Amino acid sequence: MIATVLLSIGIVFLAELGDKSQLMALTFALRYRWWVVLGGIATASAAVHLLSVGVGYFLGSALPTRAISLVAALTFLAVGLWTLREHFRADEEEQAPKSLRASTAPFFVVLSAFLLAELGDRTMFATAALATDYDWVGVWIGSTIGMVAADALAIGIGILVGKHLPERAIGIGSGLLFLYFGAATLISTAAPTLSGLIVVVLAAIAPILGGATMLLIRAVRPAPVEPEQASIPAGDPEARR
C-alpha cells in the first residue's frame, strides 16, 4: 500500500511538471487566495482520480476523451475572452475592472476548470494504467497527493509573481493564458497527430489575436463623456431657471 502511494506520487508529480494544469494553478494563484485555489485543485484531483482508478480497475477502458477535451477547450476560450473583455473596457480609468474574485465564487471556478482540464489528460491515463496493476486505493491517494504537490509549487510561484504585478496586468495575463490553453486543447483534440511544437506555435496565435482584437475595439470605441462636458453651459439662460 505505502509503496503504491509513493509510486503514484512520483509518477503523477513528474507528469504534472510543465503541464497545463500547473500553468492554470499559477494563473489562478495570481487572482485568488492560495488556499481557495489549493482547495479547488485538491477537490477536483480527488474526484477525477477516483474516476480514473475506477475506470482502470473495474472497466479497463477509457472515457470519451475527445468530447470532454472539446468541452474543456471551449470553456477555456470563453473564460479567456470574458476576462479580457472585463479588463479592456473603455472606462478603465474611471472604474476598476470587475475581477473574478468579486463576481463569482472562486472555489467553484477553480474546481470546474480543473475538472474539465484533467478529464482526459495524460495524468488521468497514467492513474488508470497504475490502477490496473496496483491497489486502486493507494493509486488514488498517491495520484491526488502528487498532483496537489505539483500544483502547490505553481501556486507558490504565482504568489511571488503576484506581489510585483498590478491587478490589471494579472487579469490580462490570465485571459491570454486561458486563450492559449483553450486553443492548445482544441488543436490537440482536432489533430492529435501534430507534434507538440506545432501545437504550441498554433495555439500562441489565439492570445495574440484575442489581445489585438480587444485593443482594436478599445481604440475605435468612443471615449466616455465626462460629467463636466455633459453639463449645461453656465451662460445658457435655461440653466439659470
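This section reports on the structure supplied with the text. Because the structure is predicted, anything quoted here is derived from the model rather than measured.

A few words on the overall build of the protein. A tally of regular secondary structure across the protein gives 12 helices and zero strands. Starting at the N terminus and walking to the C terminus, you meet the elements of the protein as α-α-α-α-α-α-α-α-α-α-α-α. Taking all 241 residues of the protein together, the buried fraction comes to 40%. Taking the intrachain contacts of the protein between residues at least 6 apart in sequence as the baseline, contacts between residues at least 24 apart amount to 86%. Of the roughly 12700 Å² of accessible surface on the protein, a fraction of 71% belongs to carbon and sulfur atoms.

Our focus in this paragraph is the packing of helix α1 (residues 2-16) against helix α7 (residues 122-133). Interaxial distance between α1 and α7 falls to 10 Å at its minimum, and their mutual angle equals 160 degrees. The orientation of α1 with respect to α7, classified from their angle, is roughly antiparallel. By crossing handedness, the relation of α1 to α7 is classed as right-handed. Between α1, through L7, S8, I11, V12, A15 and E16, and α7, the contact on the second element is made entirely by R122, T123, A126, T127 and L130.

A cluster of nonpolar side chains, contributed by M1, I2, L6, I141 and I145, occupies part of the molecular surface with about 500 Å² of accessible area. At the level of elements, α1 and α8 (136-162) are the ones that each hand at least two residues to the nonpolar patch. One can find I2 in helix α1.

Moving on: the packing of α7 against α8. Close contact between α7 and α8 brings their axes to 8 Å; oriented N to C, the two are set at 155 degrees. By the angle between their axes, α7 is roughly antiparallel relative to α8. Like other packed secondary-structure pairs, α7 and α8 cross with a definite hand, here right-handed. Where α7 approaches α8, its residues T127, L130 and A131 are matched on the opposing element by W136, V139 and S143. Among the residues forming the contact of α7 with α8, the class breakdown is four nonpolar, two polar and no charged.

In summary, soluble globular proteins display a tendency toward joint burial of nonpolar side chains. M24, F28, V37, I41, F76, V110 and F114 are the most contacted members of the largest nonpolar core, which has 21 residues in total. For this core, the secondary structure elements donating two or more residues are α2 (20-29), α3 (34-59), α4 (65-87), α6 (106-118), α8 and α9 (167-190). Here this core takes five residues from α6, the largest share from any one element. Counting residues in each nonpolar core, the second largest holds six residues, with A184, I187, V199 and A206 among its members.

Attention now moves to the packing of aromatic side chains. Taken as a whole, this structure holds five aromatic pairs when the rule is applied. Between F28 and Y32, the aromatic rings sit 5.9 Å apart at their centres with planes inclined by 15 degrees, giving stacked as the arrangement. For the pair formed by F28 and Y32, the shared burial category is buried. By the ring-pair criterion, three or more aromatic residues cluster together here, those being F28, Y32 and F114.

Rules of the game
Residues numbered from 1 in each chain as written. Predicted model: local features only at pLDDT ≥ 70, side-chain atom pairs only at ≥ 80, totals over all residues. Heavy atoms only, no water. Helix = DSSP H or I, 4+ residues; strand = E, 2+ residues; numbered from the N terminus. Buried < 20%, exposed > 50% of the residue type's maximum accessible area, 1.4 Å probe, protein only. Contact = heavy atoms within 4.5 Å. Areas by Shrake-Rupley, 256 points an atom, 1.4 Å probe, with all protein chains shown as cover. Axes fitted to C-alpha atoms, helices over the stretch in contact; angles between N-to-C directions. Parallel < 35°, antiparallel > 145°, perpendicular 65-115°, else oblique. Left-handed = near helix turned anticlockwise from the far one by under 90°. Patch = residues over 30% accessible without salt bridge, like charges linked within 9 Å, V, L, I, M, F, W, Y side chains within 5 Å. Salt bridge = Lys/Arg side-chain N within 4 Å of Asp/Glu carboxyl O. Nonpolar A, V, L, I, M, F, W, Y, C, P; charged D, E, K, R; others polar. Core = buried A, V, L, I, M, F, W, Y, C linked by side-chain atoms within 4.5 Å. Phe/Tyr/Trp six-rings, centres within 6.5 Å; stacked < 30°, edge-to-face > 60°.

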